[in-house]
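The chain contents come next:
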Amino acid sequence: MADQNKPESPPPDAAAPGGAAGAAKVPAGSPKPAAAAPPLPPDPPPPADAEQPAFVGALLAAFPDAGLQLSYWLGDWTVIVGLDRLPALARFLHDDPESLFDFCSDVTATDWPARASLRFDLVYCLYSTTRRHRIRIKVRAGEQDGVPSVTSVWPAANWLEREVFDMFGVRFAGHPDLRRILMPEDWQGHPQRKDYPLEGPGELILESPQEWLRLRQAVEESEIE
Amino acid sequence: MFDTDELVLNMGPQHPATHGVLRVVLKLDGERVVDADVVIGYLHRGVEKLCESRDWTQIVLITDRMDYVASATNNLGYCETVEKLLAVEVPRRARYVRTILAELQRLASHLVWLGSHAMDIGAVTVFLYALRERELILDLFEEFCGARLTYNSMRIGGLPLDVPSAWDKKVLQFCNVLMQKLPEYEVLLTHNRIWLERTRGVGVIPGPEAIAVGLSGPPLRASGIPRDVRKDEPYAAYDEMQFDIPLGTRGDTYDRYLVRLEEMRQSVRIVRQAMEGLPEGPIVGKVPRLIKPPAGETYHANESPKGEIGYFIVSDGKATSPYRFRVRPPSFCNLQALPRLVRGHLVADVIALIGTIDIVLGEVDR
């Protein structure tokens, strides 16, 4: 797409001051944020003059009752779908002749702790090598939800979903080999969550090397006892 | 006659031929590999979480250190993603210089790949030849931005510095030198019987399967798929450059070798075009002093020497650091294909296949 560097007319909500906390972007049914709350995900709806590509039209026609929400920002189309319709949507986007999204570029997640019940936004970035267009699928998931895995549609999502599991703790149902990939196998906690400290869990920030030595001596003495 | 159980062989994280700290646990039936389990994470530094507490400008330094063999490409991808979020126009001169830097970087990365891949297989001379040419590229970069490996060579909106005087002559001189030296590598390898035995038919993966398993970059193009981000979704000054995309036919290690060699020639072609057509003008666009992109998220892809490098950045509109910084590392996604490539081959072919995928562990683990 040649117009990647220039946005189309920016959606009206983004120009408002303090943009992200604007309640207009949050779809009905999610908890509304308090006045000075931590940010919420931006999902601007497509402006009225945005030209809808053919695959978006085919998508809307194939899933009329799935409650799909469309978003458009800076030349990229995103479709927000519920957890239960994800496998059907993935299979459709892979097989439909207008779409033909055969290349799974990325599977990642964002943690929005302000949205208590559905804190994770799972993002699937797809590309079509034949049609040369892109789309993103967004799914909202809670901590305990099992997200259906898309590895049966795109085997490339295997390690990408493992990384989302490792970093965020999102479980993928139907994944052939769900285990940690970057952190050690016996690691507790999920580092990329917003409530996980950057320095790591339980790290003691000691003031000086003498304190560190004193601590080590204390540990050795207690081991001798 | 003999009862052969399966043998589990560990190619540990410390190994001279795994291109970094990579661990491959092989399940062998005699000499043949039945299955491979790739264990990564030994170089995981938490780049994504770290960038959530760094300024937008400071992150350029961190992107250097992911694929440390191709730093300028990482910088370029990040800067372009933030420029997309900010809707900043990069001046034409900056785009041309960025293209030159990115292609010089592609040459440097492919030279390192060629040297180390050939050395793993046994052709040690090629390593010395390739690194000798790479030294010239590192000298060019040192003159431009002061560093030899981690360049910090791009800023949001353009470049930190303009090109030094007489740099353009040196770049063109280097192009001439490299075009003379490439036949030397070909003489050593391309029709060498040992090279052909070790790489022909090793790790064959057909095109549609390569797409499905997530390969991108030279491994995908060697399987015959004409996918290159520079042509499909042009960035920097690639829409104004004339170049070809080399494609392979069989999708084996030998084709991947030929594709990368030809890519080096095409990179020289691009560098020459960009250098000769370098426009005058400012080197950085109009960027606010405090960089705060409006709330939004975007994904932007570049063609790194290893494959498609994508940046998915979420900005919340208020903080001076990204809300979510995600890199789609090409080496990580290409390495996924290793168990599929290695099945049925010999242990010696595992080394060849790790080399042919061209991984950099800094990028795999971040």
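Preceding this section is the structure that the text describes.
Residues numbered from 1 in each chain as written. Chains lettered and ligands numbered in written order. Predicted model: local features only at pLDDT ≥ 70, side-chain atom pairs only at ≥ 80, totals over all residues.

Draft legend 1. Looking closely at the overall build of chain A. Each helix and strand in chain A was counted, giving five helices and seven strands. Helices and strands in chain A line up, N terminus first, as α-α-β-β-α-β-β-β-β-α-β-α. Per-residue burial over chain A gives 38% buried out of 225 residues. Nonlocal contacts in chain A, meaning residues at least 24 apart in sequence, comprise 53% of its contacts between residues at least 6 apart. (Helix = DSSP H or I, 4+ residues; strand = E, 2+ residues; numbered from the N terminus. Buried ≥ 20, exposed ≤ 12 C-beta atoms within 10 Å, placed from the backbone. Contact = placed C-beta atoms within 7 Å.)

Draft legend 2. Region of the structure containing unusual backbone geometry. All names here are of chain B. In this model, Ala87 sits at a positive phi of 60°, which is unusual for a non-glycine residue. With respect to the element layout, Ala87 can be found in the loop between helix 3 (71-86) and helix 4 (92-121). With 13 C-beta atoms packed within 10 Å, Ala87 lands in the partly exposed category. A positive phi angle is found at Ala166, which is not glycine, with a value near 70°.

Draft legend 3. Broad picture of the sheet that holds strand 4 (residues 120-127) of chain A. All names here are of chain A. Read from one edge to the other, the open sheet built from five strands follows the order 1-2-5-4-3, with strand pairing classed as mixed. Edge positions in the open sheet fall to strand 1 (69-73) and strand 3 (103-111), since each of these has one partner strand only. Adjacent strand axes in the sheet meet at a mean angle of 25°, parallel and antiparallel pairs treated alike. The strands touched by helix 3 (residues 86-95) are strand 2 (76-81), strand 4 and strand 5 (134-141); relative to strand 5, the strand with the most contacts, the crossing angle is about 175°. (Pairing = 2+ DSSP bridges. Axes fitted to C-alpha atoms, helices over the stretch in contact; angles between N-to-C directions.)

Draft legend 4. Looking closely at the packing of helix 4 of chain B against helix 14 (residues 347-357) of chain B. All names here are of chain B. Helix 14 packs onto helix 4 with a crossing angle of 175° between their chain directions and a minimal axis gap of 9 Å. Considered as vectors, helix 4 and helix 14 are oriented roughly antiparallel to each other. Seen from helix 4, the contacting residues are Ser116, His117, Asp120 and Ile121; seen from helix 14, they are Ile351, Ala352, Gly355 and Thr356. Looking at the contact of helix 4 with helix 14, its residues break down into three nonpolar, four polar and one charged. (Parallel < 35°, antiparallel > 145°, perpendicular 65-115°, else oblique. Nonpolar A, V, L, I, M, F, W, Y, C, P; charged D, E, K, R; others polar.)

Draft legend 5. Quick look at the nonpolar core. The biggest cluster of nonpolar side chains holds 146 residues, and the ones touching the most others in it are A:Leu122, A:Leu126, A:Val170 and B:Leu338. A total of 15 residues in this core trace back to one element, the largest contributor, which is helix 4 of chain B. In this structure A:Leu122 touches A:Ala109, A:Lys138, A:Val139, A:Ala141, A:Val147, A:Val164 and A:Val170, once residues within four positions along its chain are discounted. (Core = buried A, V, L, I, M, F, W, Y, C linked by C-beta atoms within 7 Å.)

Draft legend 6. Spatial organisation of the pairing of strand 4 of chain A. Residue and element names in this part refer to chain A. Judged by how many residues are buried, strand 4 sits mostly within the fold: eight of eight residues are covered. Bridge analysis of strand 3 against strand 4 gives eight bridges, and the strand direction is antiparallel. Along strand 4, the bridge assignment pairs Cys104 with Leu126. Both strand 4 and strand 5 contribute to a ladder of eight bridges, which runs antiparallel. Residue Phe120 lies in a different strand from strand 5, and its bridge partner there is Ala141. Connecting strand 4 to the antiparallel partner strand 5 that follows it, the hairpin turn spans six residues, and Arg132 within it adopts a positive phi of roughly 60°.

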